[in-house]
Amino acid sequence: MIRVEQLSKSYGPARAIDGLAFTVDSGEIVGFLGPNGAGKTTTMRILAGSLAATSGRALVGGVDVFERPRTVKAMVGYLPENPPLYTEMTVRQYLRFAARIKGTAAPDVAVEHTIDRVGLGVVAHRLIAHLSKGFRQRVGLAQALVHSPRVLILDEPSSGLDPEQRKGIRALVKALAVDEVTVILSTHVLPEVEALCDRVIIIHEGRIVAQDSVDALAGSGTAIRVRVARPAAEVADALNAVVGVLEVEPSVDGVYRVSASRDVREAVAAAAVPFGLLELGAQRRLEDVFLRLTGEAS
Amino acid sequence: MSVFHIAARELRAVFTTATGWLVLCGWLLITGLFWVVMVQNYAMQSRDLVFNPYAAASLGFTDFLIAPFFGNCAVVLLMLTPAVTMRLFSEEFKQGTMELLLTSPISTLQIVLGKYLGALGFVLVLLALTLHFPLGLARWGRPDWGVVASGYLGLALLSSAVLALGLWFSSLTSNQLVALVLTFTTALGLLVLGWSSQDPADWIAQISIMSHLNDLFIGVVRLSDVVYCVAFTAFFLFATHQRMESFRWS
């Protein structure tokens with residue numbers, strides 16, 4: 001559905017993105033991860049057609065974004081980090097305007113459908129200026145959805161929302177994937193990526209440092225967190241003696257972080273029991289992977 | 001169609017902001033004051049000439065009331081239109097709403113024309129709200145409708161030119177105040193240029209907007225004057241278009 005080839009963008013001498021290449025299949029949910037200033041927003045804006053690339057190609061549904069921008073824009077819904085809202089309009093007026101300039105066939109029907117879908121019914125008649133941050137974010141999402149796009153690009157859709165609102169946005173995005181909508185979203189919230197995305201693309205300083213399925217990335221290098229009642233020097237030795245353990249890193253409060261080449265939970269538990277095993281759990285690794293990849297590259 | 005939707009949104013936005021209503025009230029107040037004062041002066045002059053039928057015959061509505069009124073309206077328009085144009089692009093940049101327009105399947109030309117027509121629509125509403133002044137004269141005499149028509153044409157052409165200029169300045173900055181000041185000083189500069197030379201054929205006077213409008217206000221429609229205003233508008237609409245195109249490449 002989306003194919004990006006050797007995409008680069010420079011702002012003067014500064015390179016925002018440098019030779020990006022990736023593909024996204026139809027109906028896939030892909031997460032863009034990266035520290036601030038990595039080039040996520042730049043990439044998304046190029047795909048949405050609001051920014052021209054310096055070199056390289058980007059195709060959406062087989063159509064080149066630079067050669068036929070209007071065809072692509074009709075297929076893409078884009079929610080920038082700050083939702084583009086005309087605050088002096090009511091929600092319904094705003095969505096009607098968005099539907100019309102996006103060339104929707106039956107704007108009024110599409111607007112009512114989107115209002116229902118995004119759950120804006122109770123505030124549809126209110127001025128956007130008077131809405132809470134959570135509702136504004138939803139209006140922004142509704143704007144991106146109103147013309148039934150085949151591709152949805154969401155730049156930090158859940159930033160600044162409370163956990164309940166985040167859940168709402170996640171449920172919406174999940175529901176979209178069922179309708180074969182391709183979704184690219186960027187986020188800082190790692191659990192969100194794990195909960196939502198099929199695949200992750202980690203960008204750092206304008207380059208892709210990793211792209212793989214969430215499970216593959218999270219599982220690379222099995223990690224265990226062990227907590228014992230009586231921390232001592234021998235604990236680390238005992239854990240190190242377990243076959244398959246690569247590294248043991250003592251932490252505070254009797255916590256030890258164990259990296260292993262395979263699943264060693266049972267053996268580690270047995271080794272830790274003499275020291276008063278309190279807790280043992282597999283650590284979700286995405287955060288570690290993220291920090292390691294973005295740290296290594298710099 | 002998209003041009004129309006953008007223009008309609010602009011027009012609605014003007015009427016939902018305080019600026020729009022302030023401009024409207026200011027316009028009605030100042031033009032109303034002008035009219036009342038001018039009618040009073042005219043009445044006084046005609047009374048003084050009661051016993052001088054030759055002089056009284058030359059003291060027509062059209063030359064002594066309508067034409068100067070248009071000249072005064074032009075100056076007021078020059079001051080008020082920058083307040084209409086300042087927000088057109090600057091506010092979109094500031095609020096980040098430009099992103100909606102840029103990622104919608106519409107061309108840059110449609111965006112620029114939509115904004116321009118929306119603002120022009122508002123100014124035409126302002127002009128229409130002064131129609132009752134010359135129309136009211138019909139009760140007491142026979143104003144020259146040709147002069148009234150060409151005067152309104154002149155005001156419309158002037159607003160069109162200043163709106164295009166203001167649209168361009170607005171596309172250069174996200175600060176509305178900067179756009180306002182730049183538009184106002186440039187428009188005023190173009191007005192003052194006309195005073196610098198007594199000879200209307202002088203090139204400096206030809207640059208000024210006002211020297212092209214004075215004849216329209218007394219009922220002389222010259223193609224060169226109309227072309228000046230239309231070309232002025234077209235040039236700044238083109239400049240705005242180029243500016244918005246370059247925005248994608250920044």
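Residues numbered from 1 in each chain as written. Chains lettered and ligands numbered in written order. Predicted model: local features only at pLDDT ≥ 70, side-chain atom pairs only at ≥ 80, totals over all residues. Heavy atoms only, no water.

Draft legend 1. Region of the structure containing the overall build of chain A. Secondary structure assignment for chain A yields 11 helices and 14 strands. On the principal axes, the C-alpha backbone points of chain A span a range of 70 × 45 × 30 Å. The burial tally for chain A puts 52% of its 298 residues in the buried class. In chain A, of all internal contacts separated by at least 6 residues, the share reaching a separation of at least 24 is 68%. As displayed, chain A has an accessible area near 12700 Å², and 51% of this comes from carbon and sulfur atoms. For chain A, the distance from the average site of its 34 positive side-chain charges to the average site of its 34 negative ones is 7 Å. (Helix = DSSP H or I, 4+ residues; strand = E, 2+ residues; numbered from the N terminus. Buried < 20%, exposed > 50% of the residue type's maximum accessible area, 1.4 Å probe, protein only. Contact = heavy atoms within 4.5 Å. Areas by Shrake-Rupley, 256 points an atom, 1.4 Å probe, with all protein chains shown as cover. Lys, Arg positive; Asp, Glu negative; His and termini not counted. Charge placed at Lys NZ, Arg CZ, Asp CG, Glu CD.)

Draft legend 2. Representation of the overall build of chain B in the model. Scanning chain B from terminus to terminus reveals 13 helices and 0 strands. In sequence order, the secondary structure elements of chain B are arranged as α-α-α-α-α-α-α-α-α-α-α-α-α. Compactness check: chain B gives a C-alpha radius of gyration of 20 Å against a globular reference of 18 Å for 250 residues, within 12% of the reference. Taking the principal axes of the C-alpha coordinates as reference, chain B spans close to 70 × 40 × 30 Å. Within chain B, the proportion of its 250 residues that are buried is 50%. Contacts in chain B between residues at least 24 apart in sequence constitute 77% of all its contacts with a sequence separation of at least 6. Carbon and sulfur atoms make up 71% of the accessible area of chain B, which totals about 11500 Å². Averaging the positions of the 11 positive and the 12 negative side-chain charges in chain B gives two centres separated by 11 Å. (Rg over C-alpha atoms; globule rule 2.2 N^0.38 Å.)

Draft legend 3. Spotlight on the interface of chain B and chain A. Counting residues at the interface gives 23 residues for chain B, matched by 27 residues for chain A. Our enumeration of links across chain B and chain A arrives at 2 salt bridges. Glutamate 88 of chain A is paired through a salt bridge with arginine 9 of chain B; the nearest N and O atoms lie 3.0 Å apart. Remark: the boundary between chain B and chain A carries 5 residue pairs in polar contact (both at pLDDT 80 or more). Counting only elements with at least two residues in the side of chain B that touches chain A, the list comes to helix 1 (2–16), helix 6 (98–102) and helix 13 (223–249) of chain B. (Salt bridge = Lys/Arg side-chain N within 4 Å of Asp/Glu carboxyl O. Polar contact = N/O pair within 3.5 Å; in protein donor to acceptor, adjacent residues only side chain to side chain.)

Draft legend 4. Region of the structure containing the packing of helix 3 (residues 91–101) of chain A against helix 4 (residues 107–118) of chain A. All names here are of chain A. Taken N-terminus to C-terminus, the directions of helix 3 and helix 4 make an angle of 125 degrees; their axes are 9 Å apart at the nearest point. Between helix 3 and helix 4, the crossing angle belongs to the class labelled oblique. Remark: the crossing between helix 3 and helix 4 carries right-handed chirality. Residue-level contacts link Arg92, Leu95, Arg96, Ala99 and Arg100 of helix 3 to Pro107, Asp108, Val111, Glu112 and Ile115 of helix 4. When grouped by side-chain class, the residues that make up the contact of helix 3 with helix 4 number 5 nonpolar, no polar and 5 charged. (Axes fitted to C-alpha atoms, helices over the stretch in contact; angles between N-to-C directions. Parallel < 35°, antiparallel > 145°, perpendicular 65-115°, else oblique. Left-handed = near helix turned anticlockwise from the far one by under 90°. Nonpolar A, V, L, I, M, F, W, Y, C, P; charged D, E, K, R; others polar.)

Draft legend 5. How the structure looks around the side chain of glutamine 110 of chain B. Here glutamine 110 of chain B is to be found in helix 7 (residues 108–128). Discounting chain neighbours no more than four positions away, the residues touching glutamine 110 of chain B are Arg70 of chain A together with Ser2, Val3 and Ile6 of chain B.

Shape is all these values report; function is a separate question.
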